[in-house]
Amino acid sequence: MKKSLLSLLISFSSALMYGQIQPEENRFKKVVLVENLNEPMEMAVLPNEDVLFIERHGSVKLFENLTQKTTEIANIEVSTKYTDPENGTQSEAEDGLLGLSIDPDFDENRWVYLYYSPAGNDPNNILARYKFTDKRLNLKSQQVLLEIPTQRTHCCHTGGSIDWDANGNLYLSTGDNTSPRESDGYSPIDERIGRSAFDAQRTAANTNDLRGKILRIHPEADGSYTIPEGNLFQKGTPKTRPEIYTMGHRNPFRISVDKKNGFLYWGDVGPDAGKDSIGRGPAAEDEFGQARKAGNFGWPYFVGNNKPFWGFDFETNISGEKFDPEKPKNDSPNNTGLTELPPAEKAFIWYPTTPSKRFPALGSGGKSAMAGPVYYKDEFPNAERPFPDYYNNRLFIYEWMRDWIITVKMNSKGDYARMERFLPNLKLDHPIDMTFGPNGDLYILEYGQGWFMGNPESKLVRIEYNGGNRKPIVIASADKLAGAVPLQVQFSSNGTLDYDKDSLNYEWVIRDRLNNFIAKLSEANPSFAFDTIGNYKATLTVTDTEGNQDTEELSIAAGNEPPVVNLNLTEGNKTFFFPGKSIKYRVDVSDQEDGSLEKKTIEPNRVKISAHYQDALNNTPPSQGHQKAPITYTAGKSLMEKSDCRACHFVDKKSIGPAFTSIAKKYSSNSKAMDYLSNKIIKGGSGVWGDVAMNAHPTIGLPEAEQIVQYILSLDKPKNVAATMPTEGALNIKLPEGADAQKGVYRLWASYTDKGSNGMPPLTDSESIILNNPTLIMGDADEASNENMNFKMGEMNLLIVTNPNTFAMYKSIDLSHIQSMAMIVAAPIKQLNSNGGTIEVHINTVDGPLLGKTEFIEPSDDDVFSTTKPPAPIMVPISPTMGLHDIYFVFKNEKTDGALFVPISVTFIPQ
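Worth saying up front: this structure is predicted, and the values here are computed from it rather than measured.

### Considerations on the overall build of the protein
Then comes step 1: The helix and strand tally for the protein stands at seven helices and 59 strands.
Then comes step 2: With an accessible surface of roughly 40,500 Å², the protein has 49% of that area assigned to carbon and sulfur atoms.

Next up, the structure:
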């Protein structure tokens, strides 16, 4: 046993010596540089740590690291639409400004390379370069290196990523430019006359076409290019293009070249079939590819580790033979290249929508593979904060749909060894590009959740590593922030921590409003009695053994005990409002100095009460039930007044920024407001209230930001409140004319302001009850099975059920007086290859009591996502049930393991 322990210690020491111990996640910090982007695509970090990045609709932007400013330095006229040849309508395509990179000798030649779809009627994509001078992109300096003809009558698969090897060779990825919509999710090899847009054999499998490829060229000084040795086809070979390095790609959207050994990596976004099909082919898989030399990687004949598709006649719907990876042939009439193709190479890593047995760390759900860089620490010899040795020779891969980053370890030959999540708790919003900067930081572009739209959560971020001592994280709180004297306050430092596990020294200093010293308390959680009326501040300073320290401040008001307001529903549903239905309520108020309603020492007309409908805001699920206001907001108000907030904001009128009362009205019923607004204060941002950007406040900690937000949100006091509204009674819920009962919330609000005491100003307490509208969006569920996929259509969050025996759950829903549910469910065959199924409604647990069940939901050929013809509601009677329960919607189909349907919403119907 001692020998085993010794061996373990030796192994641990050896692993530590060679950087094999995974760094602690808290050593990494995510720094938001720019927010609220419009479809960011690709970026390049300049030698001075400025960042060039592009947006799909043509904007080229520069983030300046020194000033933290972002400016548009050019705008390229691009095409972003495709045309339906049958009716001439236009829809968003994947075209636009797609790729960006800088020349390896950028410091000398200042060339910036762009890959884009030029505006106009000539359907092609081009690779061009421009001079970057005086922080502008000189559009007159354009040199076009490559033109790639495309088709714009049907959408999809553009590729567009650019990278370089150590020899100055440029790599460019191109998609197969083939519509996948009418192949049932399998291989698009439709050879019928007039259907070439649906045949990937004309592009990805065509040796004489530049689409569905990764190209390799060497740009020259005069704007031309030469062909490096070792491409797939030697220059002059009939029916081939010498620019091709790898072929057989569907949509290699992000590529990366390991400059140490020249290995090429890419993420290839795969097809959509939900299950294996005899006569068609395998279930869909995405791929991470590795090419050590030029090769053919199989699409549209193979996927993953060379799983073959069948030949298929789209005219007769008759299957042919399986394709042979050793001897693939392209005999399509749309092929202009060689018939005999190079043998197909297997993917480096491959995975389906369901959990991968071979690569379980990849998880499950929607898929969009992206390949990032391979990290080598010695490439950053003078970096301020390089990533640790642990990540040496690791490939960073990432997932646009699943929002993760994974590092892949290779052996000395470059073969796959293992993988693991990078920063598992890092929140990402669809990462779309990733690169290391000169300082050793990892830069990430986040596209945001919605497709083909600007997203407020889209951003440019930087991941910084701290390999040294970290200062303490200080949390200060108190059981009372206001009260009558003597005011006994129990202070607390609970939650304070030091990631280095240093010994900590705690010191509380109390001062009066004139900053006169009152007391010093050298304990972590001291108690102090304020015997004199007045305003005070208590500052907690925590210092570690290395001398690093941080502080947190609280404001205390002594001399007036705050009132207490309690608002209760005594009859009616406590989760939902129903127009035309009555609810009963009661308000109780007590105050140490003023008395109480019960004893009739507080006049009822001094209690402000309102009940009103409020439009839903920002498409986020509102809070429900009681919303108790903190007793006092003096701390947040004080912090706000000491900051630069008042330079741009007034309390009740617009300045360069919105009034605080307007902010409060917009976000008061938003359950995510605290997190969103606190982060906004710290990180800055723009686009919600106008074009003027809000400055970042990185020196304000999260607790202080939350106190400021609490103060701002407290300003949402309904106007024209009827003072005569009784403190107890029945209320018939009515909506304003034109209001949608399935969108807003109904808010009851009660407030009392005391008379003040001992010269101290009055204090207010309030409480509100938020009743949701009776329609819940399934994509907003509190919890859902990981196998399913979240998707955003416009402003609506959708839940796509990709596997049976999964669920969506809502917490604490009041089922009192509910008799049935109306469900809107889409089961599209064309868009989802849906198999249909049933929905069971359970309470408390996923297999808890069954309340109700739908009939079998049949798949449909209709365009069920059309707003002009939504699916008809499915009525589900439920067993009478009282009280609050967690509700599980369980999705079933015993005959398939593929996709079922899209449950869009559920509406609760009252008795």
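### Observations regarding the pairing of strand β29 (residues 416-421)
Then comes step 1: As paired elements, strand β28 (residues 404-410) and β29 share five bridges and run antiparallel to each other. Within β29, the position partnered with V408 by the bridge is M419.
Then comes step 2: The loop that links β28 with its antiparallel partner β29 comprises five residues; one of these, G414, has a positive phi angle of about 95 degrees.

### Quick look at the confidence of the model for the protein
Then comes step 1: Averaged over the protein, the pLDDT score is 88; the fraction of residues at 70 or greater is 87%.
Then comes step 2: Note that residues 1-19 has pLDDT below 50 and, in this model, six contacts with residues that lie over four places away or in other chains.
Then comes step 3: Under a pLDDT of 50 for its full length, residues 617-623 has, in the predicted model, 23 contacts with residues more than four places off or in other chains.

### Side note on the nonpolar core
Then comes step 1: V60, L114, L127, F387, F396, F422 and L460 are the most contacted members of the largest nonpolar core, which totals 119 residues.
Then comes step 2: Counting residues per element, this core draws most heavily on strand β9 (residues 111-116), which supplies six residues.
Then comes step 3: With near-sequence residues (within four places) excluded, V60 lies in contact with F53, I54, T71, E72, I73, A74, I76, L97, L100, L114 and L137.
Then comes step 4: Grouped together as the second largest cluster of nonpolar side chains are 30 residues, M778, M821, I839 and L900 included.

### With respect to the packing of aromatic side chains
Then comes step 1: Under the criterion given, the structure shown has 43 aromatic pairs.
Then comes step 2: Taking 5.6 Å as the distance between ring centres and 85 degrees as the angle between the ring planes, the aromatic pair formed by Y171 and Y245 counts as edge-to-face. Separated by 74 residues along the polypeptide, Y171 in strand β13 (residues 170-174) and Y245 in strand β16 (residues 244-247) bring together distant segments of the chain.
Then comes step 3: Judged by its relative accessible area of 4%, Y245 falls in the buried class.

### Thoughts on the sheet that holds strand β31 (residues 442-446)
Then comes step 1: Read across the sheet, four strands follow the order β1-β32-β31-β30 without closing on themselves; strand pairing throughout is antiparallel. Each edge of the open sheet carries a strand with a single partner, namely β1 (28-35) and β30 (431-436). Pairwise comparison of adjacent strand axes, ignoring direction, gives a mean angle of 20 degrees for this sheet.
Then comes step 2: Here β1 runs beside strand β32 (residues 459-465); their pairing, made up of seven bridges, is antiparallel. Counterpart to V32 in the pairing with β32 is V461.

### Some details on unusual backbone geometry
Then comes step 1: The amide bond that connects W299 to the next residue, P300, takes the cis arrangement and shows omega of 10 degrees.
Then comes step 2: With respect to the helices and strands, the residue P300 is situated in the loop between β20 (295-296) and β21 (302-303).
Then comes step 3: In this structure, N306 takes a positive phi of about 65 degrees despite not being glycine.
Then comes step 4: Mapped onto the secondary structure, N306 falls in the loop between β21 and β22 (307-308).
Then comes step 5: Assessed through its relative accessible area of 12%, N306 is described here as buried.

### Describing a negative patch on the surface
Then comes step 1: On the surface, E191, D313, E315 and D331 cluster together into a negatively charged patch.
Then comes step 2: Under the relative-accessibility criterion, E191 is labelled partly exposed at 34%.

### Topic: the pairing of strand β36 (residues 505-512)
Side chains on a regular strand alternate between the two faces of the sheet.
Then comes step 1: One ladder, built from eight bridges, connects β36 with strand β39 (residues 534-543); its direction is antiparallel. Among the inter-strand pairings, W508 is bridged to a residue of β39, identified as L540.

Conventions we followed
Residues numbered from 1 in each chain as written. Predicted model: local features only at pLDDT ≥ 70, side-chain atom pairs only at ≥ 80, totals over all residues. Heavy atoms only, no water. Helix = DSSP H or I, 4+ residues; strand = E, 2+ residues; numbered from the N terminus. Areas by Shrake-Rupley, 256 points an atom, 1.4 Å probe, with all protein chains shown as cover. Pairing = 2+ DSSP bridges. pLDDT = per-residue confidence, 0-100. Contact = heavy atoms within 4.5 Å. Core = buried A, V, L, I, M, F, W, Y, C linked by side-chain atoms within 4.5 Å. Buried < 20%, exposed > 50% of the residue type's maximum accessible area, 1.4 Å probe, protein only. Phe/Tyr/Trp six-rings, centres within 6.5 Å; stacked < 30°, edge-to-face > 60°. Axes fitted to C-alpha atoms, helices over the stretch in contact; angles between N-to-C directions. Patch = residues over 30% accessible without salt bridge, like charges linked within 9 Å, V, L, I, M, F, W, Y side chains within 5 Å. Salt bridge = Lys/Arg side-chain N within 4 Å of Asp/Glu carboxyl O. Lys, Arg positive; Asp, Glu negative; His and termini not counted. Charge placed at Lys NZ, Arg CZ, Asp CG, Glu CD.

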